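Now for the letters of each chain:
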Amino acid sequence: MELLAPAGGRDSLLAAIDNGADAVYLGYTAFGARAGAGNFNQQELAEAVRLCHLHQVRVHVTVNTLIKERELAEVYRVLGLVDASHADAVILQDLGAAALARDCVPHIARHASTQMAIHNRQGAAFLKREGFQRAVLARECSLSEIALAAETGIETEVFVHGAMCVGMSGQCLLSSMAGGRSGNRGRCAQPCRMAYDFDGRRGYWLSPRDILLRDRLPQLQKAGVSALKIEGRLKRPEYVAVVTRAYRKALDALAEGRFMPASEEELTGLRQAFHRGGFMKGYAGGDEDAGVIDPTRAGHGGVAIGRVTGVRPGFVQVFLEKDLSDGDGLQLRGRQEEELTYAGPSCKAGETALVRLREGMASGIWDQVARLVSADQAVRALAAKAPAIPVDAALYAVPGEPASLTVTDGKSSAQAFGEMVASAETKPLTLETAGRSLGKTGDTPFALRGLTLKGEGGFLPVAALNALRRDALNALAEKRITSFGQRETGCFPLPEAVYPGQA
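A brief look at the structure comes next. As the structure is a prediction and not an experimental result, all values here were calculated from the model.

As for the sheet that holds strand β14 (residues 329-333)
Point 1. Taken together, the six strands give an open sheet; going across it, the order is β15-β14-β17-β12-β13-β16, and neighbouring strands pair in antiparallel fashion. Each edge of the sheet is formed by a strand with only one pairing partner; in this case those strands are β15 (337-341) and β16 (352-356). Strand after strand, the sheet turns through a mean of 35 degrees between neighbouring axes, direction not considered.
Point 2. Relative to β15, β14 runs antiparallel, the two sharing five bridges. Paired with G329 across the strands is T341, a residue of β15.

Printed below as a string of structure tokens:
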């Protein structure tokens with residue numbers, strides 16, 4: 001199963017790559033269902049695709065809002081630049097835009113957005129007949145409905161982590177009717193996250209909990225799911241890193257036959273990254289009705305770390321149940337909820353921390369203290385780097401002939417040529433001395449795994465070896481980029497007969 005991570009901007013893109021995503025989904029600056037995300041302009045999109053393909057990560061681009069007829073020419077332009085970027089797929093909601101992609105950029109895979117509300121076998125079969133490669137199933141699907149959709153032969157993509165919509169995917173008009181901001185145009189104001197009065201009580205009666213299906217990967221695999229999607233193009237990069245890493249480890253364990261439920265430490269890390277309502281299993285896990293809604297709060301629940309045990313002007317004393325670090329984002333939960341950033345020495349669980357309040361803040365004895373942002377978690381998450389790509393190299397250094405270096409990652413190969421090899425007067429080139437220069441790959445995504453040397457009695461200066469290494473690895477990077485998911489590109493003319501007046 002493919003692990004698909006969100007990339008609202010470049011930092012999140014890097015977090016997804018570094019933590020093991022097989023693919024990312026991101027938006028261009030127009031026609032994406034997350035207008036509030038950072039998104040990517042034309043140059044940034046091209047650079048993002050190159051970076052992902054260097055690391056053998058696929059890129060799916062959202063063009064998944066409903067389209068007005070006067071916008072078709074601009075949609076055509078956007079589809080053309082997405083195709084030209086060599087992205088691997090385009091995610092679509094509007095059937096007109098999908099037809100336009102089929103007719104004008106037929107080489108790029110079409111994925112049906114969850115906003116298309118495909119929630120049964122019939123919908124999946126329709127997409128299959130229409131030439132879609134994948135259906136991003138509605139988040140309201142049960143496990144049996146997911147399995148039936150997969151039986152049609154279309155690839156099925158399922159949301160496994162993150163926010164849920166209270167309405168049927170793609171069918172909610174609440175934001176549009178209440179404030180003129182349509183979710184189907186990428187501008188949902190999330191009125192479902194607001195507090196409402198019901199039966200004499202005030203609560204977040206329309207706000208669903210976040211889903212967590214990490215422990216249900218075996219069932220999803222058995223149901224025929226092709227891709228696991230993490231929600232969160234509006235989330236912070238450290239969220240992308242933490243959640244992607246958790247699912248990467250779980251998927252690897254599943255593939256190796258050693259899958260286990262998440263430990264409490266892992267679950268705490270996922271809660272710390274972001275959650276609403278302590279997580280639920282979602283409709284795919286059998287949750288329904290009251291199990292879906294958390295009326296207590298609509299924002300991040302954080303992790304409870306202690307209680308207020310003392311109050312004095314400008315400060316509270318907090319008895320800690322978990323460690324506290326400088327820079328942690330805290331929330332005091334009493335008669336009202338107050339947020340602040342802790343600035344002070346790190347403290348361990350079991351100790352009492354002195355927390356300075358902002359001016360005007362108040363707290364009471366035994367108020368709960370929750371940590372919304374862990375400074376330590378963020379540092380650790382963003383410090384992770386993708387494993388270096390191992391390469392084998394062969395150096396040809398025969399006196400009187402041009403030097404050459406051939407490098408391969410096992411799939412792609414590249415060669416670079418250098419200056420003429422001189423005869424050594426004192427210290428001939430050896431495998432060891434060549435390896436010292438050629439192994440300095442720290443500013444590249446590669447790591448030298450093996451090296452062979454052909455030539456005896458030759459000499460090459462260090463600068464020449466460095467140039468060979470640089471040129472060969474640059475060429476290998478280009479080979480990896482161009483060979484990964486290689487396909488035809490090219491935008492066919494906008495058909496006047498089908499889309500009159502839009503050319």
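Focus: the nonpolar core
Point 1. By size, the foremost hydrophobic cluster in this structure holds 83 residues, and its most contacted members are L13, V24, L26, L79, I146 and L217.
Point 2. With ten residues, helix α9 (residues 237-255) is the largest single contributor of residues to this core.
Point 3. What L217 contacts, discounting residues up to four positions off in sequence, is M1, L228, Y247, A250, L251, L254 and F259.
Point 4. Counting 26 residues, the second-largest nonpolar core is a separate cluster that includes A393, A414, A416 and L438.

Looking at helix α12 (residues 431-438)
An α-helical turn contains 3.6 residues, so a residue and the one three or four places further along point in the same direction.
Point 1. The complete set of buried residues in α12 reads A434, S437 and L438. Along the axis of α12, the buried positions cluster into a sector of 90 degrees, meaning they face one direction only.
Point 2. Buried residues along α12 sit in contact with β18 (389-396), β19 (402-408), β22 (446-454) and α13 (462-483).

A word on the pairing of strand β2 (residues 23-27)
Point 1. Buried residues dominate β2, accounting for five of its five residues.
Point 2. Here β2 shows no split at all, with A23, Y25 and G27 on one side and V24 and L26 on the other all buried.
Point 3. Here strand β1 (residues 2-6) pairs with β2 via three bridges, running parallel. Each residue of the ladder has a partner; that of A5, found in β2, is V24.

Description of the environment of T408
Point 1. Structurally, T408 is set in strand β19.
Point 2. The exposure class of T408 is partly exposed, given its relative accessible area of 22%.
Point 3. For the pair formed by T408 and P6, sequence separation is 402 residues and the distance between their alpha carbons is 31 Å.
Point 4. Not counting residues up to four positions away in its chain, the partners in contact with T408 are P390, V391, D392, S413 and L476.
Point 5. A polar atom in the side chain of T408 sits 3.0 Å from the backbone oxygen of S412.

Topic: the pattern of salt bridges
Point 1. One pass over the structure, following the stated rule, counts 28 salt bridges.
Point 2. A salt bridge links E2 to R58, with the nearest nitrogen and oxygen atoms 2.8 Å apart. Taken as a pair, E2 in strand β1 and R58 in strand β3 (residues 58-63) lie far apart in primary sequence, 56 residues in all.
Point 3. A relative accessible area of 30% places R58 in the partly exposed class.

A few points about the packing of α9 against helix α11 (residues 375-383)
Point 1. Two numbers describe how α9 lies on α11: the axes approach to 9 Å, and their chain directions differ by 70 degrees. In terms of orientation, α9 lies roughly perpendicular with respect to α11. Counting all contacts with α9, which are made through P237, E238, A241 and V242, the residues of α11 involved are Q377, A378, A381 and L382.
Point 2. Of the residues in the contact of α9 with α11, the class split is six nonpolar, one polar and one charged.

A few points about the sheet that holds β18
Point 1. The four strands lie next to each other as β20-β19-β18-β22, forming an open sheet whose pairing is mixed. Across the chains shown, the open sheet's two edge strands, defined by having one partner strand only, are β20 (413-420) and β22. Taken pair by pair, the neighbouring strands of this sheet meet at an average axis angle of 20 degrees, ignoring direction.
Point 2. For β18 and β22, the ladder comprises eight bridges, and the chain directions are parallel. Pairing of V391 across the sheet is with L448, part of β22.
Point 3. Here α12 sits on the sheet in contact with β18, β19 and β22, set at roughly 150 degrees to β22.

Quick notes on the packing of α9 against helix α10 (residues 264-273)
Point 1. Two numbers describe how α9 lies on α10: the axes approach to 9 Å, and their chain directions differ by 150 degrees. Compared by their axis directions, α9 and α10 come out roughly antiparallel. Read as a crossing pair, α9 and α10 show a hand that is left-handed. In this structure, α9 contributes Y239, V242, V243 and A246 to the contact, and α10 contributes E266, G269, L270 and A273.
Point 2. Each residue belonging to the contact of α9 with α10 can be placed in one class, and the counts come to six nonpolar, one polar and one charged.

What to know about the side chain of D94
Point 1. The topology assignment puts D94 in the loop between β4 (89-92) and α4 (95-104).
Point 2. One polar contact links the side chain of D94 to the main-chain amide nitrogen of I67, over a distance of 2.9 Å.
Point 3. Contact partners of D94, with chain neighbours within four places excluded, come to T65, L66 and I67.

So, the side chain of R110
Point 1. Within the secondary structure, R110 sits in strand β5 (residues 109-112).
Point 2. No salt bridge is formed by the buried R110; the nearest opposite charge belongs to E130, separated by 5.9 Å.
Point 3. Of note is the side chain of R110, whose polar atom sits 3.0 Å from the backbone oxygen of A98.
Point 4. A distance of 2.5 Å separates a polar side-chain atom of R110 from the backbone oxygen of E130.
Point 5. Excluding its chain neighbours within four sequence positions, the residues that come into contact with R110 are V90, L92, A98, A99, A101, R102, E130, G131, F132, Q133 and R134.

Procedures and definitions
- The numbering scheme is per chain: residues are counted from 1 as the chain's sequence reads.
- Note on the predicted model: pLDDT of at least 70 is required for a residue's local features to be given, and 80 or more for side-chain atom pairs to be given and counted; whole-chain, interface and lining totals, by contrast, use all residues.
- Hydrogens and water are ignored here; the side-chain numbers use all heavy atoms of the structure.
- Paired strands, in this sense, are two strands between which DSSP finds at least two bridges.
- To qualify as a helix, a DSSP run of H or I must reach at least 4 residues; to qualify as a strand, a run of E must reach at least 2; elements of each kind are numbered from the N terminus.
- Fitted lines through C-alpha atoms serve as axes, helices being fitted only where they are in contact, and the angles separating the N-to-C directions of these axes extend from 0 to 180 degrees.
- Think of a nonpolar core as a cluster: buried Ala, Val, Leu, Ile, Met, Phe, Trp, Tyr and Cys residues, connected wherever their side-chain atoms sit within 4.5 Å.
- Residue exposure (1.4 Å probe, protein chains only): buried if accessible area is under 20% of the type maximum, exposed if over 50%, otherwise partly exposed.
- For this analysis, residues touch if any pair of their heavy atoms sits within 4.5 Å.
- Arc, as used here, means the arc of the directions from the helix axis to the C-beta atoms.
- For the purposes of these results, a polar contact is taken to be a pair of N or O atoms within 3.5 Å, where, inside protein, one atom must be able to donate a hydrogen and its partner to accept one; residues adjacent in sequence count only when each atom of the pair is a side-chain atom.
- Whenever Lys or Arg places a side-chain nitrogen within 4 Å of a carboxyl oxygen from Asp or Glu, that contact is recorded as a salt bridge.
- Angles are sorted into four bins: roughly parallel if under 35 degrees, roughly antiparallel if over 145, roughly perpendicular if 65 to 115, and oblique for all others.
- Gly counts as polar in this scheme, as do all residues outside two lists: the nonpolar Ala, Val, Leu, Ile, Met, Phe, Trp, Tyr, Cys and Pro, and the charged Asp, Glu, Lys and Arg.
- Helix crossings fall into two classes, left-handed where the near helix is turned counterclockwise from the far one by less than a right angle and right-handed where it is turned clockwise.
- By the counting scheme adopted, Arg and Lys are positive, Glu and Asp are negative, and His together with the chain ends is not counted.

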